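These are the residues of each chain, in order.
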Amino acid sequence: MKTLILGGTEFAGLALVDEAHTRGHDITVLNRGRHPAPPHVTSLTGDRTRPDGLAALAGTTYDLVVDTWSWAPAAVRDAARTLSGRARHYTYISSRSVYQDPGTTDPLTERNPVVDADPDATEQPDYSAAKRGAEIAADQHFDGPVLHARAGLVLGPHENIGRLPWWLTRLARGGPTLAPGPHDSPLQLIDARDLAIFILDAAEKDLTGAYNVASPTGHTTMGELLETANEITGGHAGLQWRTPETILAAGIQPWTELPIWLPPGPDHQYIHRGDVSKALAAGLRVRPARETIEDTWTWMQTLRGTPTGRDGRSPVGLDPAKEAAALNAG
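Reading the values: rules and limits
- Residues numbered from 1 in each chain as written.
- Predicted model: local features only at pLDDT ≥ 70, side-chain atom pairs only at ≥ 80, totals over all residues.
- Heavy atoms only, no water.
- Helix = DSSP H or I, 4+ residues; strand = E, 2+ residues; numbered from the N terminus.
- Rg over C-alpha atoms; globule rule 2.2 N^0.38 Å.
- Buried < 20%, exposed > 50% of the residue type's maximum accessible area, 1.4 Å probe, protein only.
- Contact = heavy atoms within 4.5 Å.
- Areas by Shrake-Rupley, 256 points an atom, 1.4 Å probe, with all protein chains shown as cover.
- Phe/Tyr/Trp six-rings, centres within 6.5 Å; stacked < 30°, edge-to-face > 60°.
- Lys NZ or Arg CZ within 6 Å of the ring centre and 35° of its normal.
- 1 Å grid on protein atoms, 1.4 Å probe; cavity = no way out; pocket = protein on both sides within 12 Å on 5 of 7 lines; lining within 4 Å.
- Points joined across faces, edges and corners; volume = space filled by probe spheres on them.
- Nonpolar A, V, L, I, M, F, W, Y, C, P; charged D, E, K, R; others polar.
- Expected span 1.5 Å × (residues − 1).
- Arc of directions from axis to C-beta.
- Axes fitted to C-alpha atoms, helices over the stretch in contact; angles between N-to-C directions.
- Parallel < 35°, antiparallel > 145°, perpendicular 65-115°, else oblique.
- Core = buried A, V, L, I, M, F, W, Y, C linked by side-chain atoms within 4.5 Å.
- Salt bridge = Lys/Arg side-chain N within 4 Å of Asp/Glu carboxyl O.
- Pairing = 2+ DSSP bridges.

Participant: How should I be thinking about the overall build of the protein chain in this particular structure?
Facilitator: Helix and strand counts for the protein chain stand at 11 helices and 13 strands. For 330 residues, the compact-globule formula gives about 20 Å, and the C-alpha radius of gyration of the protein chain, at 20 Å, lands near that figure. Each principal axis of the C-alpha distribution contributes one length, and for the protein chain these read about 65 × 45 × 35 Å. Counting the 330 residues in the protein chain, one finds 54% classified as buried. For the protein chain, long-range pairs separated by at least 24 residues make up 78% of all intrachain contacts whose partners lie at least 6 apart in sequence. Of the roughly 13,800 Å² of accessible surface on the protein chain, 50% is carried by carbon and sulfur atoms.

Structure, rendered in structure tokens:
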């Protein structure tokens, strides 16, 4: 099986390389060359924002293509057009962020309305429009089966957004630690390795269309996540649970200053209560949250300092002084 991964040197791309290697695939990666290529691959260099960005693919053919692009959709348009007729199947790693706000409490399914987007955009739109525009571009320009893996909250080793690594670093530091409630708030996530397994399984079976790829709702909770992470990092933190109202009154931003966490309401419903029955029926398997936490911490111990973030992304996490003020306020 000849597999091309557009990306392949960060987070989900690394998980795809590892899984494809386990399956014995002949793997090629194409990217800008800003990060070392993983072992077991043929590494090609190309900047997809430039007119000649795909020149290194000249004369090549593949069974499977997996595209990890997250910026202006025109790059996906050009890749799908270039690889049409030269690859059997094209997967685009999209996001559940493509859905419009449903205005209801019903879980989002693949049939929900999506945002408007331009598949030919060369300037970076917002994240939702970038992902949706890329979906449209792949559908329009690749003459063959196309699958959209609409990933939920992705965690696991090599995470370069910093959400779980921030919590693990904070808990390892110890001391009184702000813990955002409710304790039993359900979470919905996907380990990057489970995402990779699902994508390659689906591509090998020539599945097409959109799939919400995440754990079932309540796979873990905010309480279980933080208590397990505290245990794994040595039990140094004293979790001080506070209500959402208290946290918001302190001016603390959900999701960015307290990663992963969202207070009950529409945003939590949107992120952590999606319908994933279609992916489960297609064979999605989700490992225990403890395994994701343990393996992320193990990976972090191999690094010098904290994990580096993704280009173009603002760092996440709560300033220690702001955390202390919130705790002192009760």
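Participant: Help me understand the packing of aromatic side chains, please; the structure alone is not making it clear to me.
Facilitator: Describing an aromatic ring pair means giving the distance of the ring centres and the angle of the ring planes. A full pass over the atoms with the stated rule returns four aromatic pairs. When the centroid spacing of 5.2 Å and the interplanar angle of 70 degrees are considered together, the rings of Trp 69 and Trp 71 count as edge-to-face. Across the ring face of Trp 71, the terminal group of Arg 32 is positioned such that the distance to the ring centre comes to 5.5 Å. Of note, Lys 278 hangs over the ring of Tyr 211, and the distance from its end group to the ring centre comes to 4.4 Å.

Participant: What am I meant to see in the layout of surface pockets here?
Facilitator: In this approach the atoms are scanned with a rolling probe the size of a water molecule, which exposes any empty space left behind. There is about 260 Å³ of room inside the second largest pocket. Taken together, 15 residues make up the lining of the second largest pocket; nearest its centre are His 158, Asn 160, Trp 299, Leu 303 and Thr 308. Looking at the lining of the second largest pocket residue by residue, the classes come out as five nonpolar, seven polar and three charged.

Participant: Explain helix H10 (residues 289-300) here, please?
Facilitator: Each α-helix turn comprises 3.6 residues. Residues three or four places apart therefore point the same way. In this model H10 runs 17 Å from its N-terminal to its C-terminal C-alpha over 12 residues, within 8% of the 16 Å that 1.5 Å per residue would give. Restricting attention to buried positions, one finds in H10 the residues Ala 289, Thr 292, Ile 293, Thr 296, Trp 297, Trp 299 and Met 300. All buried residues of H10 lie within an arc of 160 degrees about the axis, which places them on one face of the element. In the core, the buried residues of H10 are packed alongside strand E7 (153-155), helix H4 (163-173), strand E10 (189-191), helix H5 (192-204), strand E12 (220-221) and helix H6 (222-232).

Participant: It is not clear to me how the packing of H4 against H10 should be interpreted in this structure. Could you clarify?
Facilitator: Each packed pair of helices is defined by two parameters, the angle between the axes and the distance between the axes. Look at H4 against H10: their axes get within 10 Å of each other, and the N-to-C directions meet at 75 degrees. Taken together, the axis directions place H4 and H10 in an arrangement best described as roughly perpendicular. Of the residues in H10, those touching H4 at Leu 164, Pro 165, Leu 168, Thr 169 and Ala 172 are Thr 292, Ile 293, Thr 296, Trp 297, Trp 299 and Met 300. Residues of the contact of H4 with H10, tallied by class, amount to eight nonpolar, three polar and no charged.

Participant: Explain the side chain of Thr 109 to me, please; I cannot follow it from the model alone.
Facilitator: Looking at the element boundaries, Thr 109 is found in the loop between strand E5 (87-95) and helix H3 (127-141). You can call Thr 109 buried: its relative accessible area is 11%. When residues no more than four places from it in sequence are discounted, the contact partners of Thr 109 are Tyr 99, Asn 212 and Asp 275.

Participant: Honestly, the nonpolar core in this entry has me stumped. Any pointers?
Facilitator: Generally speaking, nonpolar side chains in soluble globular proteins are found buried as a group. Residues Leu 178, Met 222, Leu 258 and Ile 260 are the most contacted members of the largest nonpolar core, which totals 30 residues. Counting only elements with at least two residues in this core, the list comes to E7, H4, strand E8 (175-180), H6, H10 and helix H11 (320-328). Setting aside residues up to four positions removed in sequence, Leu 258 forms contacts with Trp 166, Trp 167, Leu 178, Pro 180, Ile 247, Ile 252, Gln 253 and Leu 318.

Participant: Can you help me understand the pattern of salt bridges in this one?
Facilitator: Should the charged atoms of two oppositely charged side chains come close, the side chains can pair. Summed over all chains, the structure comprises 22 salt bridges. Its salt-bridge partner being Asp 191, residue Arg 287 comes within 4.0 Å of it at the nearest N-O pair. Remark: Asp 191 occurs in strand E10 and Arg 287 occurs in the loop between helix H9 (277-281) and H10; sequence separation between them is 96 residues. In this structure, the salt-bridge partner of Asp 194 is Arg 287, at a minimum N-O distance of 2.8 Å. One end of the pair, Asp 194, is in helix H5; the other, Arg 287, is in the loop between H9 and H10, and 93 residues separate them in sequence. Under the relative-accessibility criterion, Asp 194 is labelled buried at 4%. When salt bridges with common partners are traced through the structure, they connect Asp 191, Arg 193, Asp 194, Arg 287, Glu 291 and Asp 295 into a single cluster.

Participant: What is the right way to look at the sheet that holds strand E4 (residues 62-67) in this model?
Facilitator: Within a sheet, adjacent strands bond to each other through the backbone by hydrogen bonds, running parallel or antiparallel. Ordered in space as E3-E2-E1-E4-E5-E6-E11, the seven strands form an open sheet in which the pairing is parallel. Two strands lie at the open edges of the sheet, namely strand E3 (41-45) and strand E11 (209-213), each paired on one side alone. Ignoring strand direction, the axes of neighbouring strands in this sheet form an average angle of 20 degrees. Sitting on the sheet, H3 touches E5 and strand E6 (146-151), and the angle it makes with E5 is about 165 degrees.

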